[in-house]
Amino acid sequence: MLDELLHRVSNHTPRTLETDTRFPEAAVLVPITRSDEPELVLTLRASGLSTHGGEVAFPGGRRDPEDPDLVFTALREAEEEIGLPPGLVEVIGPLSPLISLHGIKVTPYVGVIPDFVEYQANDAEIAAVFSVPLEFFRKDPREHTHRIDYQGRSWYVPSYRYGEYKIWGLTAIMIVELINLLYDAKISLHQPPKSFINT
């Protein structure tokens with residue numbers, strides 16, 4: 001089942017993003033556990049960080065000048081942030097790049113990891129490491145929808161609540177692309193959901 005889903009990711013052609021090359025680059029790892037009920041591994045960023053403090057994110061960060069490519073960046077940052085050894089990650093392929101509110105071009109890479117990893121959160125950057133079943137997002141159980149006007153169009157971005165964690169923003173956009181790809185879920189980011197109330 002998981003391999004069939006991952007085949008969809010490896011055959012996926014991400015949207016291209018025509019951006020000024022002056023945008024700094026970053027990469028995140030979208031880790032999926034190899035298990036009967038696959039889960040996404042996410043982090044809660046430490047509240048004292050200058051950008052995205054206290055927010056849920058995938059492990060990742062800025063590309064260093066010496067990083068040979070963005071896959072290397074994603075794996076290096078995942079090891080630094082949550083102690084995930086790069087050798088345990090089977091990189092499947094990229095999702096579509098996005099520009100963050102801070103003007104950084106972020107490319108997500110889907111990777112499969114064992115479900116027995118003991119994470120070591122870097123306390124300076126990460127407050128918690130947690131996982132959410134992929135099935136949870138398949139049902140699109142959004143708590144709210146945020147409308148973001150960006151690049152000349154409106155985006156209706158879900159905000160999910162999983163236990164004590166709020167999952168929204170760029171991370172939610174990446175998850176929607178992944179879930180649509182894996183399950184043909186048809187969650188739209190450009191049409192308001194029926195529950196959306198324009199406030």
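The structure displayed is predicted, hence computed values, not measured ones.

**Q** What should I look at first to understand helix α4 (residues 169-183) in this one?
**A** Since the α-helix packs 3.6 residues into each turn, any two residues three or four apart lie on the same face. The end-to-end C-alpha distance of α4, which contains 15 residues, comes to 21 Å, matching closely the 21 Å that a straight helix rising 1.5 Å per residue would cover. By the criterion of burial, α4 is predominantly enclosed, with 13 of the 15 residues buried.

**Q** Looking at this structure, how should I read the pattern of salt bridges?
**A** Counted according to the given criterion, the structure contains 13 salt bridges. Of the charged contacts in the structure, one is a salt bridge between arginine 34 and aspartate 3, with a shortest N-O distance of 3.2 Å. Placement of the pair is arginine 34 in strand β1 (residues 25-34) and aspartate 3 in helix α1 (residues 2-10), with a sequence separation of 31 residues. According to the relative accessible area criterion, arginine 34 is partly exposed, its value standing at 34%. Ionic contacts of the salt-bridge type, sharing partners, join the residues Asp64, Asp67, Arg76, Glu77 and Glu80 into one network.

**Q** For this particular structure, what's the right way to read the sheet that holds strand β10 (residues 153-162)?
**A** Sheet strands associate in pairs through backbone hydrogen bonding, adopting either a parallel or an antiparallel arrangement. Spatially, the three strands line up as an open sheet ordered β9-β10-β11, and their pairing is antiparallel. Bordering the open sheet on either side are β9 (144-150) and β11 (165-167), each of which pairs with just one other strand. Put simply, the sheet's adjacent strands are angled 25 degrees from each other on average, direction ignored. Relative to β11, β10 runs antiparallel, the two sharing three bridges. Residue tyrosine 162 lies in a different strand from β11, and its bridge partner there is tyrosine 165. Relative to the sheet, α4 contacts β10 and β11, its axis offset from that of β10 by approximately 95 degrees.

**Q** Explain the nonpolar core here, please?
**A** Looking at soluble globular proteins, one finds that nonpolar side chains tend to be buried together. Leu40, Phe137, Ile167 and Leu178 are the most contacted members of the largest nonpolar core, which has 42 residues in total. Examining the composition of this core, we find that ten residues originate from one element, α4, more than from any other. Discounting chain neighbours no more than four positions away, the residues touching phenylalanine 137 are Leu40, Val132, Tyr160, Ile167, Ile175, Ile179 and Ile187. Within the second largest apolar cluster, 13 residues are counted, among which are Leu70, Ala74, Leu75 and Val89.

Criteria and thresholds
Residues numbered from 1 in each chain as written. Predicted model: local features only at pLDDT ≥ 70, side-chain atom pairs only at ≥ 80, totals over all residues. Heavy atoms only, no water. Helix = DSSP H or I, 4+ residues; strand = E, 2+ residues; numbered from the N terminus. Expected span 1.5 Å × (residues − 1). Buried < 20%, exposed > 50% of the residue type's maximum accessible area, 1.4 Å probe, protein only. Salt bridge = Lys/Arg side-chain N within 4 Å of Asp/Glu carboxyl O. Pairing = 2+ DSSP bridges. Axes fitted to C-alpha atoms, helices over the stretch in contact; angles between N-to-C directions. Contact = heavy atoms within 4.5 Å. Core = buried A, V, L, I, M, F, W, Y, C linked by side-chain atoms within 4.5 Å.

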